[in-house]
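Structural overview for review
Here's the letter readout for the chains.
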Amino acid sequence: MDGVVVKSTGSWYSVMNLQGEQIQCNLKGKFRMKGIKTTNPVAVGDKVRYELNKNEKTGLINEIFPRFNYIIRKATKLSKVGHIIAANIDQACIIVTLAHPRTSTGFIDRILVTTEAYHIPSNIVFNKLDLYERPQFELMEKLTSIYSDAGYKCLSLSAKTGENTEAFIEMLKNKQTLVTGHSGVGKSALINCIQPRLNLKTKDLSGYHRVGMHTTTFAEMFPLTFGGFIIDSPGIKEFGLTDFSRKEIAERFPEMRKYMHQCKFNNCSHIHEPECAVIEALNKNEIPISRYENYLSILNDDYWEKTENDYR
Ligand SMILES: Nc1nc2c(ncn2[C@@H]2O[C@H](COP(=O)(O)OP(=O)(O)OP(=O)(O)O)[C@@H](O)[C@H]2O)c(=O)[nH]1
Ligand SMILES: [Mg+2]
Ligand SMILES: [Zn+2]
């Protein structure tokens, strides 16, 4: 029988079949992804074939169908092994907040570099609108303009008051969407707001650091009553990049991608080379400074494998 993995805890997988029933399954033998070390061979969103055990209640996954795409992150910057967050996703919604706590552009841009690498369309959703005051509204406008110009859809809403959540529903209709972001930004609260029947666990922010306590512990996919699926996932602190080299980073910034092929040197790092079209665009304010700075910061991350012909 065929189904889709809607939850995985590492030891078992919950597979939803075509009738909408959920079967707890184990994996038959070893599955490995070619070329990439991952902690989980099967992820939420994977389409699988399984057979029922004799008890007719549990099952055994014996085939994973080819993935349309997937998104991997490293557990920490330095770890060698990646974790597949989800497979077969149509789009990612990065939930951010500009208050309680504020999400940095460095974090947003690291996620975007990854979703760009996997060709996953991404949207930025500003949550907790009810808490914003003038400075946050101004910042939101600025960020919305930066990210819309780069080709990402932006939305602002409040999971608490429900303000503007109809736009979020429109965004999700008939798509398989991964919801990601820091812990405590309201990912589960937002899903509850548009699908109250799910009644997902949410938690108060720990007053001390205003940092979430990782309420959601495993990624889980839910069918949406208006069509489509949504994947809630545990909050992430940092987004360890994987699977690609430093040289590809500029390519993952649509604003830089537009200019980089006009640079004098084709291995230009866009830092100090003469006749660099990216620096020229930056000087003309055609590339936002925060995006360029985050590019530099990603290049300076300490986890790139330094190879001979890599940038210094
Ligand atoms: N004021 C306000 N609070 C919100 C809003 N959305 C969520 N919250 C609160 O933020 C806290 C965290 O919400 P969660 O939904 O648990 O956050 P999460 O992103 O799922 O966190 P993890 O599961 O740990 O990754 C809860 O106390 C929510 O009530 C909002 O729009 N406005
Ligand atoms: Mg949650
Ligand atoms: Zn250049």
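Procedures and definitions
- Residues numbered from 1 in each chain as written.
- Chains lettered and ligands numbered in written order.
- Predicted model: local features only at pLDDT ≥ 70, side-chain atom pairs only at ≥ 80, totals over all residues.
- Helix = DSSP H or I, 4+ residues; strand = E, 2+ residues; numbered from the N terminus.
- Buried ≥ 20, exposed ≤ 12 C-beta atoms within 10 Å, placed from the backbone.
- Contact = placed C-beta atoms within 7 Å.
- Expected span 1.5 Å × (residues − 1).
- Pairing = 2+ DSSP bridges.

Some details on the overall build of the chain
The helix and strand tally for the chain stands at seven helices and 13 strands. Burial statistics for the chain: of 312 residues in total, 37% are counted as buried. For the chain, the share of sequence-separated contacts (at least 6 apart) that also reach a separation of at least 24 residues comes to 64%.

What about helix 2 (residues 134-149)?
The end-to-end C-alpha distance of helix 2 is 23 Å, a good match for the 22 Å that 16 residues give at a rise of 1.5 Å each. The inward-facing, buried residues of helix 2 abut strand 9 (122-127), strand 10 (153-156) and helix 7 (289-299). One or two steps after helix 2, the chain reaches G151, where phi turns positive at roughly 105°.

Let's talk about the pairing of strand 5 (residues 58-64)
Looking at chain direction, strand 3 (residues 22-27) and strand 5 are connected through four bridges and run parallel. Note that in strand 5 the partner of L27 across the bridge is I61. Relative to strand 5, strand 4 (residues 47-52) runs antiparallel, the two being bridged by five bridges. When the bridges of strand 5 are listed, L52 appears paired with G59. Between strand 4 and strand 5, which follow one another and run antiparallel, lie five residues, and E56 among them has a positive phi close to 65°.

None of the figures reported here should be taken as evidence of function without further support.
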